[in-house]
Amino acid sequence: MLVGVFILLIVGWACWQFSMPVFGTRATFMLMLMKVAVGMIAMVYYLEIRHEGDLFYYDETAIEYLEDIRSGYPVWDFLAQEADPAARATPQNRTFFFVKVITVLYMMLGSSIWFIGILFSFISFLSVTYLIKRMESIGIDIRWSAILIFFLWPSIAIWGSGLSKETLMLAGVSVLLGAAIPIVSGSRSNWFLHIALLILASLVLTKLRIFVLLSLLPFLFGAVLFKVLQKYMQRLAWRWAAGIAGVILIVCFVVAFSYTDTSFNPGYIVKAFTDNHAAIVAQSTPEHVVSGLETLWEWPQIVLQLVLAAMAGMLGPFPWEVNSTSEILILLEPMLLLTLFFTNTPTKARFPMLVWLPLLCYVVFTAAMITLSTPNYGSLSRYRLAFYPMLVFLVSFKHPWLSKISKLKIFRSDIGV
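Reading the values: rules and limits
- Residues numbered from 1 in each chain as written.
- Predicted model: local features only at pLDDT ≥ 70, side-chain atom pairs only at ≥ 80, totals over all residues.
- Heavy atoms only, no water.
- Helix = DSSP H or I, 4+ residues; strand = E, 2+ residues; numbered from the N terminus.
- Contact = heavy atoms within 4.5 Å.
- Expected span 1.5 Å × (residues − 1).
- Bend = angle between axes of the 7 residues up to and from the residue.
- Buried < 20%, exposed > 50% of the residue type's maximum accessible area, 1.4 Å probe, protein only.
- Salt bridge = Lys/Arg side-chain N within 4 Å of Asp/Glu carboxyl O.
- Patch = residues over 30% accessible without salt bridge, like charges linked within 9 Å, V, L, I, M, F, W, Y side chains within 5 Å.
- Areas by Shrake-Rupley, 256 points an atom, 1.4 Å probe, with all protein chains shown as cover.

A few words on the side chain of Ser 215. Counting through the fold element by element, Ser 215 comes out in helix 11 (residues 210–232). Residues in contact with Ser 215, not counting those within four places in the same chain, are Tyr 362, Phe 365 and Thr 366.

With that settled, the discussion passes to helix 1 (residues 2–23). Counted at 1.5 Å a residue, the expected span for helix 1 with its 22 residues is 32 Å, and the 30 Å between its end C-alpha atoms agrees. Of all bends in helix 1, the biggest is about 25 degrees, found at Gln 17, and the proline Pro 21 comes one to four residues later. Every buried residue of helix 1 is listed here: Gly 4, Leu 8, Val 11, Gly 12, Cys 15, Ser 19, Val 22 and Phe 23. Backbone geometry just downstream of helix 1 places Gly 24 in the positive-phi region, at approximately 95 degrees.

Looking at the element boundaries, Arg 384 is found in the loop between helix 17 (377–383) and helix 18 (388–396). C-alpha of Arg 384 to C-alpha of Ile 370: the two residues are 14 residues apart in sequence and 7.1 Å apart in space. When neighbours within four sequence positions are excluded, Arg 384 is seen to be in contact with Ala 312, Gly 313, Met 314, Gly 316 and Ile 330.

Turning our eyes to something else, we now look at helix 2 (residues 25–50). Taking 1.5 Å of rise per residue, 26 residues should cover 38 Å, and helix 2 covers 37 Å from first to last C-alpha, within 8% of that figure. Where helix 2 is concerned, the buried positions are Ala 27, Thr 28, Leu 31, Met 32, Lys 35, Val 36, Val 38, Gly 39, Met 40, Ala 42, Met 43 and Leu 47. Following helix 2 by one or two positions, His 51 has its phi on the positive side, about 55 degrees.

Let us look at the pattern of salt bridges. Applying the stated criterion across every chain yields a total of four salt bridges. The shortest N-O distance in the salt bridge between Arg 382 and Asp 54 comes to 3.8 Å. Taken together, the residues span a long stretch of sequence, with Arg 382 in helix 17 and Asp 54 in helix 3 (residues 54–70) at a distance of 328 residues. With a relative accessible area of 22%, Arg 382 lands in the partly exposed category. Judged by its relative accessible area of 39%, Asp 54 falls in the partly exposed class. Residue Glu 136 pairs with Arg 143 through a salt bridge whose shortest N-O separation is 3.9 Å. Classification of Arg 143 by relative accessible area gives buried; the value is 8%. A single network of salt bridges, built from pairs that share partners, joins Glu 136, Asp 141 and Arg 143.

Taken together, the side chains of Trp 297, Trp 299, Val 303, Leu 304, Val 307, Leu 308 and Met 311 define a hydrophobic patch exposed on the protein surface, amounting to about 700 Å² of accessible area. Trp 299 gets classed as exposed once you look at its relative accessible area, which sits at 70%.

This next bit is on unusual backbone geometry. The step from Gly 316 to Pro 317 runs through a cis peptide bond, and the omega angle for that step is 0 degrees. Relative to the assigned elements, Pro 317 resides in the loop between helix 14 (302–315) and helix 15 (325–343). With phi around 55 degrees, Ser 111 is a residue other than glycine that occupies positive phi space. With respect to the element layout, Ser 111 can be found in the loop between helix 5 (93–109) and helix 6 (113–136). The exposure class assigned to Ser 111 is partly exposed, which follows from its relative accessible area of 27%. A positive phi angle is found at Lys 398, which is not glycine, with a value near 60 degrees. You can see Lys 398 is positioned in the loop between helix 18 and helix 19 (402–406). For Lys 398, a relative accessible area of 56% translates into the label exposed.

See the structure below:
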């Protein structure tokens, strides 16, 4: 336990030192406190009030494996397992991977689920700060949007803090985007570090949310390709030719790789997609299923369903779909999102097309696919974290209301705004 406290103090100090140049002394303290508190409140709610949920499963299973390791089960054999050898975890490999992470951390932090929740909140905070710093390196200041998104936006703040797979997923996405910026911008500063972080974030997303990684990589690749073509090719025809050749090459690579790894196999992905849709619909009462997505249509009608799913994922639930108190609370977020969109003043070149166009494409595509596979607003409020921060960013960046955050006293004395 004392070792766990010491490790948390070291990580917290590193988080403090890394974030102070971005937010300032007092603001860093307040934001770190807010991040940890939100994560703890969510854990208290599920562990002490509702007495149900994934947290109990993670804790009990990790403790069982930790006891096995202490009894002589080789830790490296345990870590090398791709699926649960004792069938104590669900068949989903991502759940078993998450249990392995918690088991290893229990070895270091004294088997305390609360310590792990604090550690995950610190990791999430560091990843956000890293993304902000990398965006600043290309001349884009996203501090105030990041504060709104990751600390004040209810669903993102709650699900993106504490002990949950979504916390690590959001951290992985933030680090992946931040590490890709030097590649897109052509910066050579700390190149090896950013590449290492890019690989680490990709591995985490591969294990936890493979679909998010598969959705994000093509758009990152497109941004890199666009930047390269813009720099080295003057003729438009040559850019088109090279771009098409590059897309064909990456598609061939993905197809070839899919036959060596089941997780990337198109047939496996489609089956997992349809199975998840059927499971969510079966577990949900009809009035809580997203309208129009009760059953999967066939080609080409499913294209219309994808449009409906994208709209529901980004802006749902709609007023006519609200059937419970929880859905009324969920409805407040799209209402705020639309308010931000219509009150934001459009300006020329708010941020480069190289930033907003790939993000917009990713948001629309991922919103459609995730909503179609998870057509229940209760579950969607958590799964939509794969694209919701990017959506909030697109509608809130340089919003005049965000200047009110920058003028708060805790920021004014430390940061020039």
